[in-house]
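# Coordinates in review
These are the residues of each chain, in order.
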Amino acid sequence: MLLAAASGSPPGRAWKRAAPEANLTRAHEVRSAFQTAWDGYYKHAFPHDTLLPISGGHEDDRNAWGVTAVDTLSTAIIIEDVGAVNQILRDIETIDFSTTKGLFSSVSLFETNIRYLAGLLSGYDLLTGPSRHLVDSSNSKYVETLLRQARTLADSLSIAFNTPTGIPDDSVYLNPIRGVGGSETNSPAGAGTLVLEWTRLSDLTGNKTYATLAQKAQKYLIDPQGEGYPGLVGRRISIRDGKFKDNTGSWGASVDSFYEYLIKMYLYDPKEFAQYKDQWVLAADSTIKYLVSHPSSRPDLTFLAGYNGKITSPSSGHLASFAGGNFIVGGVILNEPRYTRLGLSLAESYYQTYKQTASHIGPESFQWVATNTDTGPPAGDADFYKRAGFWPTSKEYTLRPETIESLYYAYRVTGDKKYQDMAWDAFLAIRDQCKAGYGFSGLTDVTKENGGTRDDFQQSFFLSEVLKYSYLIFAGDSEVQFQAQGKNGFVFNTEAHPLKVRG
C-alpha cells in the first residue's frame, strides 16, 4: 500500500506500508551483543556506575547509584534476559536514593530523571504488565520496590523545583545537606524532559505533587516568552522570571527532548495534553518552513539546520537525528502524512552520515552547504562533501542511539525492510568497531576505518537505547512496540524506557 503525499508537505515521495516482520536471527545477534555488554559490566564494574571496558575498571560518574544497572533494566526485560533482570532487581533494593556517597556530589536532575527515575518506572510498568511472567511470586517484592525507590528518588530530587518560577535548577546536592546549585538558567531539555516521568509517577502513586511540579515548569516552555520562529525556542531559560535568554537552538543539544516530549505527552494522554500537541505542531511547522535544508552536493538529502533568531546555520549532529523518529510519531498519531514523510526523509538522510564515513558510523556533529548559498566546504573536505553531502566537524562517536532510533520508527510505520537493513548495517558497524576488551567503547574518529582510538567508556545508554532499539526493530510484535495503526500501550521516554500510557 502506498500512502500519498499531503498537500503542502515537504519534497519527497509516498511510502510503502506493510506489516512489520520479525527477523529472529538478527534479533539473536543483538541479544548476544547485549549479553556481552551486560556481562562485562556485571563482572568488572557492578555495582558501580559505568564500565571502563578496555582497562576493566569502573567509574562512578552518576552518583554511585549504579546507573548502568538501573538504565539497563527495561532492555533486559524486553530481551527477556531473566538472569540480568533478577540481578538488577536485587541491586535496586539496596540503593540509597536519599543521599550520595560522595560529599558535595552534584546530581543532575535531567540525567537522573531520564536514566534512573524512568528506568525504575519502566521496570515497574513492564513487570506488572506484559512482562510479569519474568518474575516469580517469590521475587514479587522486588517489583514493588521499584515504585518505592522511584518515589524516594523523586522526593530527593524535588528540591530542584524550589525556585521563584518553579523552573528547576538542574544541579541538586544531597550530602552533607540538601540544596541546589544556584544556577540562573536551565535549558528547555533540562526543564522540559521531566513531565512524562513525573506525571507517570503521580499516576502510579496517586500523589499529584510530582506531576504538578513538572507541569508547572513546563508551562513556561509551552507558552514561551521571547521565541524567534513560532514554536522554536532558545537554549537557556531564566529560572528567575521564565523568559528566554537567547533565540539560539536546534533539534540537537539543550532543546531536543523538549520537542520530543511535547508530542509524546499527547500520546500519553491526548485529552489532558492537547496544548502540548499544539506547541509541537508550531515547532514542526516552523521546522518544515525554515530549518529543512538540502546540501548543495546532495540535494536528495534532508537535514535540519540550527537557528539563531531568524538566521539559520547548516549544521547538525547525531543528537538531532532522533528528529526523524519524532516526526514519524507525530505524523502517525495526528494522521498528518506530511510529518511522517519528512520523518522518513530525515531518518534516511541521517543514516547517510553512517554510510558515508570510513567506519560506517556517524559523527557527533557535521556541516553542509545549503543549496541557496555560494559558500563551500573547507578545502580538505571538498572531495568528501561532494560525495557525501556533509563533512564532519566533530568526529567522535560516544555510543549514541538516535540514528537507529529513527530507523526503528521508520520500520514500524512502513514495514519496509530497507529500514531494517539500514539499522542492521549500523548495528554491525557499532558492534564490530566499538567492541573493546570487556564491553563496548566510544570512538575518537569515525572518519578512519578503524574508528580511531577507543575512549574506554561504556555509556549506560548503549544498553538502554542502542541495543533496545536495535533489538526491537527485529523482534516480533508486542505491547511495547510502537503501533502505526491502533492504540499504543506504551510511550518511550528519551532514554528508550517504555512507560505505560493512560487509559
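Quick caveat, the model's predicted, so the values are computed rather than measured. Here the residue numbers are simple positions, counted from 1 along each chain's written sequence. Reporting in this predicted model follows two pLDDT cut-offs: at least 70 for local features of residues, and 80 or more for side-chain atom pairs to be given and counted; totals over whole chains, interfaces and linings ignore these cut-offs and use all residues. Only hydrogens and water are removed before side-chain values are computed, so all heavy atoms of the structure are retained for them.

## Description of unusual backbone geometry
- That bond from Phe-46 to Pro-47 is cis: its omega, 5°, falls within 30 degrees of zero.
- Numbered from the N terminus, helices here are DSSP runs of H or I no shorter than four residues, and strands are runs of E no shorter than two. Mapped onto the fold, Pro-47 is located in the loop between helix H1 (24–44) and strand E3 (50–52).
- Between Asn-175 and Pro-176 the backbone carries a cis peptide bond, its omega angle lying at 15°.
- Structurally, Pro-176 is set in the loop between strand E6 (171–173) and strand E7 (179–180).
- One non-glycine residue with positive phi stands out, namely Asn-335, at about 55°.

## Considerations on the sheet that holds E7
- Pairing within the open sheet is antiparallel, and its three strands lie in the order E5-E6-E7. Across the chains shown, the open sheet's two edge strands, defined by having one partner strand only, are strand E5 (107–108) and E7.
- Here E5 pairs with E6 via two bridges, running antiparallel. Within E6, the position partnered with Val-107 by the bridge is Val-172. By this definition, two strands are paired if DSSP reports at least two bridges between them.

## Quick look at the environment of Gly-242
- Position of Gly-242 relative to the elements: it lies in the loop between strand E9 (237–238) and strand E10 (248–249).
- Using a 1.4 Å probe on the protein chains alone, a residue whose accessible area is under 20% of its type maximum counts as buried, one over 50% counts as exposed, and one in between counts as partly exposed. Taking relative accessible area as the criterion, Gly-242 reaches 0% and is therefore assigned buried.
- Sequence separation between Gly-242 and Gly-166 is 76 residues; the distance between their C-alpha atoms is 9.0 Å.
- Beyond its immediate stretch of four places on either side in the chain, Gly-242 contacts Thr-165, Ile-167, Tyr-220, Gln-225 and Ile-237. Here a residue-residue contact requires only that any non-hydrogen atoms of the pair lie within 4.5 Å.

## A look at the side chain of Lys-468
- Take Lys-468: it is sitting in helix H16 (residues 460–472).
- A distance of 2.9 Å separates the side chain of Lys-468 from the side chain of Ser-74, its partner in a polar contact.
- Here a polar contact means two N or O atoms within 3.5 Å. Within protein one must be a hydrogen donor candidate and the other an acceptor candidate, and residues neighboring in sequence count only if both atoms are side-chain atoms. One polar contact links Lys-468 to Thr-75, side chain to side chain, over a distance of 2.9 Å.
- Sequence-distant contacts of Lys-468, defined by excluding residues within four places in its chain, comprise Ser-74, Thr-75, Ile-78, Leu-463, Phe-492, Ala-496, His-497 and Pro-498.

## A look at the UniProt feature "binding site: Ca(2+)" (unreviewed entry) in the protein chain
- UniProt positions are given in the numbering used here, feature names are shortened, and annotations may be inferred rather than shown by experiment. The residues that UniProt annotates with the feature "binding site: Ca(2+)" (unreviewed entry) are Thr-494.
- Mapped onto the elements, Thr-494 comes out in the loop between strand E20 (490–492) and strand E21 (498–500).
- In this structure, Thr-494 is in contact with Ile-114, Thr-193, Ser-257, Glu-260, Tyr-261 and Glu-465, ignoring residues within four places of it in sequence.

## Brief notes about the packing of aromatic side chains
- For Phe, Tyr and Trp, rings pair up if their centres lie within 6.5 Å, where Trp contributes its six-membered ring, and each pair is then called stacked (planes under 30 degrees apart), edge-to-face (over 60) or tilted (otherwise). In the structure shown here, the tally under the stated rule is 35 aromatic pairs.
- Plain terms: the ring middles of Trp-198 and Tyr-210 are 6.1 Å apart, the flat faces sit at 65° to each other, and that makes the pair edge-to-face. In this pair, Trp-198 is assigned in helix H7 (residues 195–205) and Tyr-210 in helix H8 (residues 209–222), connecting sequence segments twelve residues apart.
- Of the residues examined, Trp-198 reaches a relative accessible area of 0% and is grouped as buried.
- Linked through ring pairs, Trp-251, Phe-258, Tyr-259, Trp-280, Phe-322, Phe-327 and Tyr-339 together constitute an aromatic cluster.

## Section: the environment of Asp-39
- Here Asp-39 shows up in helix H1.
- Taking the C-alpha atoms as reference, Asp-39 lies 8.1 Å from Tyr-438; in sequence the two are 399 residues apart.

## Some remarks on the packing of H8 against helix H10 (residues 274–291)
- Geometry is summarised by axes, namely lines fitted to C-alpha atoms with helices restricted to the contacting stretch, and by angles between N-to-C directions that run from 0 to 180 degrees. Where H8 meets H10, the closest approach of the two axes is 11 Å, and the angle between their N-to-C directions is 35°. In this structure, H8 meets H10 at a crossing whose hand is left-handed. Note on element contacts: H10 touches H8 through Gln-275, Tyr-276 and Gln-279, opposite Gln-215, Gln-218, Leu-221 and Ile-222.
- Considering only residue class, the contact of H8 with H10 consists of three nonpolar, four polar and no charged. By convention the crossing between two helices is left-handed if the near helix lies anticlockwise of the far one by an angle smaller than a right angle, and right-handed if it lies clockwise. The nonpolar class holds Ala, Val, Leu, Ile, Met, Phe, Trp, Tyr, Cys and Pro. Asp, Glu, Lys and Arg form the charged class, and all remaining residues, Gly among them, are polar.

## Overview of the sheet that holds strand E15 (residues 315–317)
- Judged by pairing direction, the sheet is antiparallel, and its three strands sit side by side in the order E15-E16-E17 without closing on themselves. Edge strands, defined here as strands with exactly one partner in the open sheet, are E15 and strand E17 (391–394). Here the average twist between neighbouring strands, direction ignored, is 35°.
- Alignment of E15 against strand E16 (residues 365–367), held across three bridges, turns out to be antiparallel. In the strand pairing of E16, Ser-315 is matched with Gln-367.

## Looking at the UniProt feature "active site" (unreviewed entry) in the protein chain
- Within the UniProt annotation, "active site" (unreviewed entry) is assigned to Glu-111, Asp-256, Glu-364 and Glu-402.
- Among the structural elements, Asp-256 can be located in helix H9 (residues 256–268).
- If we ignore the near neighbours within four places in the chain, the residues touching Asp-256 are Ala-189, Trp-251, Leu-319 and Phe-322.
- Along the polypeptide, Glu-402 turns up in helix H14 (residues 402–414).
- Excluding its chain neighbours within four sequence positions, the residues that come into contact with Glu-402 are His-318, Leu-319, Ser-321 and Phe-322.
- At 2.9 Å, the side chain of Glu-402 and the side chain of His-318 are in polar contact.

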